[in-house]
Amino acid sequence: MTTAPSTTTDEAPQPAAPAPSKSSWAPLRPLILRLHFYAGVLVAPFLLVAAVTGLLYAGSFQAEKLVYDHELTVPVGERKLPISEQVAAARTAHPEGTVSAVRPSPEADATTRVMLSGVPSVGEGHTLAVFVDPYTAKVRGSLEQYGSTGALPLRTWIDEFHRDLRLGEPGRLYSELAASWLWVISAGGLVLWFSRRRALRKVRGAKGRRRTLGLHGSVGVWAAAGFFFLSATGLTWSAYAGASIDELRTSLGQATPSVSAAAGGEHSGHGSAAGRAGDAAHGVGLDKVLAAARAEGLGDPVEIVPPADATSAYVVKQVQRSWPSKQDAVAIDPSSGEVTDVLRFADHPVLAKLTRWGIDLHTGVLFGLANQIALMLLALSLILLIVWGYRMWWQRGRGTAFGRPIPRGAWQQVPPQILVPLLAGIAVLGYFLPLFGIPLAAFLAVDVLLGEIAHRRGRRSYGTPAG
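Residues numbered from 1 in each chain as written. Predicted model: local features only at pLDDT ≥ 70, side-chain atom pairs only at ≥ 80, totals over all residues. Heavy atoms only, no water.

**Student:** Please set out a nonpolar patch on the surface residue by residue, giving values where relevant.
**Tutor:** The grouping of Leu248, Leu252, Val350, Leu351 and Leu354 at the surface amounts to a nonpolar patch, some 470 Å² of accessible area in total. Among the elements that line the nonpolar patch, the one with the most residues is helix H9 (residues 350-363), at three residues. With respect to the secondary-structure elements, Leu248 resides in helix H7 (residues 241-251). (Patch = residues over 30% accessible without salt bridge, like charges linked within 9 Å, V, L, I, M, F, W, Y side chains within 5 Å. Areas by Shrake-Rupley, 256 points an atom, 1.4 Å probe, with all protein chains shown as cover. Salt bridge = Lys/Arg side-chain N within 4 Å of Asp/Glu carboxyl O. Helix = DSSP H or I, 4+ residues; strand = E, 2+ residues; numbered from the N terminus.)

**Student:** Can you break down the environment of Ala137 residue by residue, with the values?
**Tutor:** Here Ala137 shows up in the loop between strand S3 (127-132) and strand S4 (139-145). The buried category is assigned to Ala137, whose relative accessible area is 17%. Taking the C-alpha atoms as reference points, Ala137 and Lys80, 57 residues apart in sequence, are found 9.0 Å from one another. (Buried < 20%, exposed > 50% of the residue type's maximum accessible area, 1.4 Å probe, protein only.)

**Student:** Describe in detail the pattern of salt bridges, supporting the description with residues and values.
**Tutor:** Scanning the entire structure with this criterion turns up 13 salt bridges. Arg103 is paired through a salt bridge with Glu303; the nearest N and O atoms lie 2.7 Å apart. Separated by 200 residues along the polypeptide, Arg103 in strand S1 (residues 98-103) and Glu303 in strand S5 (residues 302-305) bring together distant segments of the chain. For Arg103, a relative accessible area of 14% gives the class buried. The shortest N-O distance in the salt bridge between Asp360 and Arg321 comes to 3.3 Å. Here Asp360, found in helix H9, pairs with Arg321, found in the loop between strand S6 (314-318) and strand S7 (329-332); they are 39 residues apart in sequence, far enough to count as distant. Side by side, Asp360 and Arg321 carry an identical accessibility label, which is buried. By sharing partners, the salt bridges in this structure join Arg103, Glu303 and Lys317 into a single network.

**Student:** Pulling in residues and values, what's your account of the nonpolar core?
**Tutor:** Counting 38 residues, the largest nonpolar core has Leu47, Trp181, Leu182, Ile185, Phe227, Leu382 and Phe436 as its most contacted members. Elements that contribute at least two residues to this core include exactly helix H1 (28-67), helix H5 (172-195), helix H6 (208-236), helix H10 (368-396) and helix H12 (434-456). Top element by residues in this core is H1. It accounts for eleven residues. If near-sequence neighbours (up to four positions away) are discounted, Phe436 is found in contact with Ser180, Trp181, Val184, Ile426, Leu429 and Gly430. (Core = buried A, V, L, I, M, F, W, Y, C linked by side-chain atoms within 4.5 Å. Contact = heavy atoms within 4.5 Å.)

**Student:** Summarise the packing of aromatic side chains; cite the residues concerned and give the values.
**Tutor:** Enumeration over the complete set of coordinates arrives at eleven aromatic pairs. Centre to centre, the rings of Tyr57 and Phe61 are 5.2 Å apart; their planes meet at 75°, and the pair counts as edge-to-face. Within this pair, Tyr57 and its partner Phe61 are both found in helix H1, separated by four residues, close to a single helical turn. Taking the relative accessible area as the measure of exposure, Tyr57 reaches 9% and is therefore buried. By relative accessible area, Phe61 is classed as buried at 9%. Judged by centre distance (6.3 Å) and plane angle (45°), the ring pair of Trp183 and Phe436 falls under tilted. Residue Trp183 is found in helix H5, and its partner Phe436 is found in helix H12; the two are separated by 253 residues along the sequence. (Phe/Tyr/Trp six-rings, centres within 6.5 Å; stacked < 30°, edge-to-face > 60°.)

**Student:** A description of the environment of Gly220 should follow, citing residues and the corresponding values.
**Tutor:** Structurally, Gly220 can be placed in helix H6. For Gly220, a relative accessible area of 0% gives the class buried. Expressed as a C-alpha distance, the spacing of Gly220 and Leu384, which sit 164 residues apart in the sequence, is 9.4 Å.

**Student:** Could you give me a rundown of the environment of Ala151, with the residues and numbers involved?
**Tutor:** Mapped onto the elements, Ala151 comes out in the loop between S4 and helix H4 (153-164). Between the C-alpha atom of Ala151 and that of Ser60, which follows or precedes it by 91 residues, the distance is 9.5 Å. Setting aside its immediate chain neighbours within four residues, Ala151 contacts Glu64, Glu144, Gln145, Tyr146 and Thr156.

**Student:** Residue-level account of the pairing of S7, with values.
**Tutor:** Residue alternation in S7 divides its side chains into two sets, Ala329 and Ala331 and Val330 and Ile332, and both sets are buried. Bridge count for S6 against S7 is four bridges, and the pairing is antiparallel. Each residue of the ladder has a partner; that of Val316, found in S7, is Val330. Once S7 ends, the chain turns through six residues before running back antiparallel as strand S8 (residues 339-343), passing Gly337 with a positive phi of about 80°. (Pairing = 2+ DSSP bridges.)

**Student:** Kindly report on the side chain of Asp360, identifying the contributing residues and their values.
**Tutor:** Given the relative accessible area of 0%, Asp360 is considered buried. With sequence-adjacent residues up to four places away left out, Asp360 is seen in contact with Arg321, Val365, Leu366 and Asn371.

**Student:** Describe unusual backbone geometry, listing the residues and the values that go with them.
**Tutor:** Of note, the amide linkage connecting Asp300 to Pro301 takes the cis form, showing an omega dihedral of 0°. Along the polypeptide, Pro301 turns up in the loop between helix H8 (286-295) and S5. The omega torsion across Trp323 and Pro324 is -5°, close enough to zero to call that bond cis. By the element assignment, Pro324 lies in the loop between S6 and S7.

Laid out in structure tokens, this is it:
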């Protein structure tokens, strides 16, 4: 729910308020308050970067259509040329590299994309997309492309900044840290918000810190479900937590299958091997391969991946991520043009489908513009919550004291029968989410050390507020 150092106004005794009734969770409240406060202080900068870049990414889909309109669209003609002629035109204009995939024009006014790998001027893991008019075979331009959604330079730049700050693999730690803590801070804020016994939830008429708290809490409660979703789906393709999730899915038989790229066989986990550069004109050729895929019911949009080597098949797969998802795939023998393997999205394991839909919803493609607007609203909510959280921290100070901290010693008030299972659960969670567990352990160690130093120097006692 919340993302920055939020606290509640009942941290200190309020004479006019009735004493809250005792409950079994009451001893946990100061601990949750302290965790929520300090996690917000430390993690909010990472979340702020993720929110700002996520806001930009959600808007980049529409911006991409405007910026690259010339490459993406064409005037509608009378008849589309064979796909082989379109690829030949692309190769004439760009003989460098090799054809790694072809996406035939999916709509009447859309260009065909011919993806080239191994082009010297193109970054590693990217391809050069050559855009061809399907009616005239005229090349309308070429752009560097990245990812399965075909992100062009503008969206690619924003995507990489959102994912890893454009620092490569080390930079992915920032986004995984943000995703690992977003749900924790949100859950803590929800507990604190709904546990209050006082009439402090009204924003209208309130002033100062109470008004800031009301805005922070109200927006956080409404956005909490979205934050939980973003955190969970963001972790599915993170570096460390994502690996644990993949292992769990594999052990449960829920891994995402792929069509076999071998010239003969059942679905295997190695269909992605066909993504390596091949010969677009190999065997029966692209036109017969596309016709065979159409006969198996694969409608637009599709991607044709040439054989990786002499023993591999063509792979034709649907690439529609919007609802309803089209993710069927077939393998086609290059020598005979016969279908050698078929994989239907309907046959994917449940967790594989949920993972696919979750990622597509997270990236804003599942429901198109509506999906992107919802993500932008969530990102704006996150930004506002962080700003309000830091403002409450400032307002909580006295005089020139910035950010008066929450009292230490909250864990000492928790009964052992609650504390021990809680610590065990956190330890297990920290094992699977290392960028939650390691920072939490470091925070606890530093916090205990500083508290012990302050206690020995007689500055204050545990459980009492710091000046």
